[in-house]
Amino acid sequence: MEQPEPGQPSRLSRCLVTGASLAAVATLIMVAFTWPAVYAEPRGVPVGLVAAQPESTTIVAALEQVRPHEFTVRRYADRDAAVQAIRHREVYGAVVVDGGPELLVASGASTIASQLIGALTGVLNPAGQTTADRPPVTDVVPLSPHDERGAGLSAFFFPLLLGGLKGGIFIAIGIQGTARRLLTLAVFTVIAGTAVAVVGQYAFRILSGSFPLNAAASGLTVAAIAATVIGLRNLFGLHGVGVGTVLIMLVGSPISAATLPVEFLPRPWGAIGQFFPPGASVSLIRCISYFPDAPTLPQWFVLCGWTLAGCLLALLTRNRPSARTRSTTPPSTKIA
């Protein structure tokens, strides 16, 4: 026989408010993760151009007519210079006329941007020419043969962010004492970063490049997220866990450019997203795997900054009583 639940049933007003609040949260999550894709369109995607002055002017005008505001053209002296620019992530691809014609793309940077640039054959293929006369498309930085569409790399980041968030929540709630929390965070960072890199690089083969750098980047990602949650929990009590979750998952993650290039996201959110741990992590790990010549100091600084800020916040507020403690502490009474 089923035992009755102890205590009084919840008030009807509380049930209504709770149900409406949960529905609002679910709607907010849907909106946060959907609006970047709904309003995504290419705006100022950087593309290189190798052509003499008369042809260069003609091609730029043709691009602006056919694809207005979609590209930002950067001129290079020759094909080698354009290739180096792609490998440094200055541009997503290039249109080569001198020594060509040829289209250069980099699927390792973005399959969407590569398809966009690869579709510019009409610029180098005047009307009347056959399909066989169309210029070749060369993938300068191809994706891993084990992840030719880039789906694995895009899917890699969300579990990494979720793991950092879950770890931070568990440490913030389940471990008592600031020093013990930070010690647990250090252990979690080292083991999680190494394990994630092993799975991504050797099991699934969606990561490449330097394994120590991939492990360091993965570990620093979970550290930045978890440290933020821990620091906010020390500052605001249990409410800080919710603040950290919203900050990382509902603000930073949708504008991280994990599935869409920064230039495809509504401005200025794509650029802002690179200053959050999800965006910095996406850019850093992609560079380590496919663009070792590209500068990565900004991404390292962002992740280190969030990690240090979270740890300092936890240390500076380690003696601060939580809201729950303050509310349950009985007031002192004066003895007459």
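Residues numbered from 1 in each chain as written. Predicted model: local features only at pLDDT ≥ 70, side-chain atom pairs only at ≥ 80, totals over all residues. Heavy atoms only, no water.

Draft legend 1. Up close: a nonpolar patch on the surface. Taken together, the side chains of Val25, Ile29, Phe33, Phe158 and Leu162 present a nonpolar region at the surface, about 380 Å² in accessible area. Looking at the nonpolar patch, the elements that each hand over two or more residues are helix H1 (12-38) and helix H6 (151-174). Tallying contributions element by element places H1 first for the nonpolar patch, with 3 residues. Its location among the elements puts valine 25 in helix H1. Using a relative accessible area of 43% as the deciding quantity, one classes valine 25 as partly exposed. (Patch = residues over 30% accessible without salt bridge, like charges linked within 9 Å, V, L, I, M, F, W, Y side chains within 5 Å. Areas by Shrake-Rupley, 256 points an atom, 1.4 Å probe, with all protein chains shown as cover. Salt bridge = Lys/Arg side-chain N within 4 Å of Asp/Glu carboxyl O. Helix = DSSP H or I, 4+ residues; strand = E, 2+ residues; numbered from the N terminus. Buried < 20%, exposed > 50% of the residue type's maximum accessible area, 1.4 Å probe, protein only.)

Draft legend 2. The arrangement of the pairing of strand E1 (residues 45-50) in detail. A large share of E1 lies buried, amounting to 6 of its 6 residues. Taking every second residue as pointing to the same face, both faces of E1 are buried, with Val45, Val47 and Leu49 on one and Pro46, Gly48 and Val50 on the other. One crossover worth recording links E1 to the parallel strand E2 (residues 71-75) by way of helix H2 (residues 53-66), and it is right-handed. The pairing of E1 with strand E3 (residues 93-96) spans 3 bridges and is classified as parallel. Note that in E3 the partner of leucine 49 across the bridge is valine 95. (Right-handed = clockwise from strand over helix to strand, strands pointing away. Pairing = 2+ DSSP bridges.)

Draft legend 3. Structural view of the confidence of the model for the protein chain. Put simply, the protein chain has an average pLDDT of 88, and 90% of its residues get 70 or more. A low-confidence stretch, residues 323-329 (pLDDT under 50), is modelled with 2 contacts involving residues beyond four sequence positions or located in other chains. Contacts for the low-pLDDT stretch residues 332-336, under 50 throughout, to residues beyond four places or in other chains number 0 contacts. (pLDDT = per-residue confidence, 0-100. Contact = heavy atoms within 4.5 Å.)

Draft legend 4. The arrangement of the nonpolar core in detail. If you look at the biggest cluster of nonpolar residues, it comprises 62 residues, and the most contacted ones within it are Phe71, Ile86, Leu104 and Phe291. Here this core takes 7 residues from helix H11 (residues 277-290), the largest share from any one element. Here isoleucine 86 is in contact with Val91, Gly93, Ala94, Leu104, Ala106, Val140, Val141 and Phe291, once residues within four sequence places are set aside. Of all hydrophobic cores here, the second largest spans 16 residues; its members include Leu161, Leu182, Val241 and Ala314. (Core = buried A, V, L, I, M, F, W, Y, C linked by side-chain atoms within 4.5 Å.)

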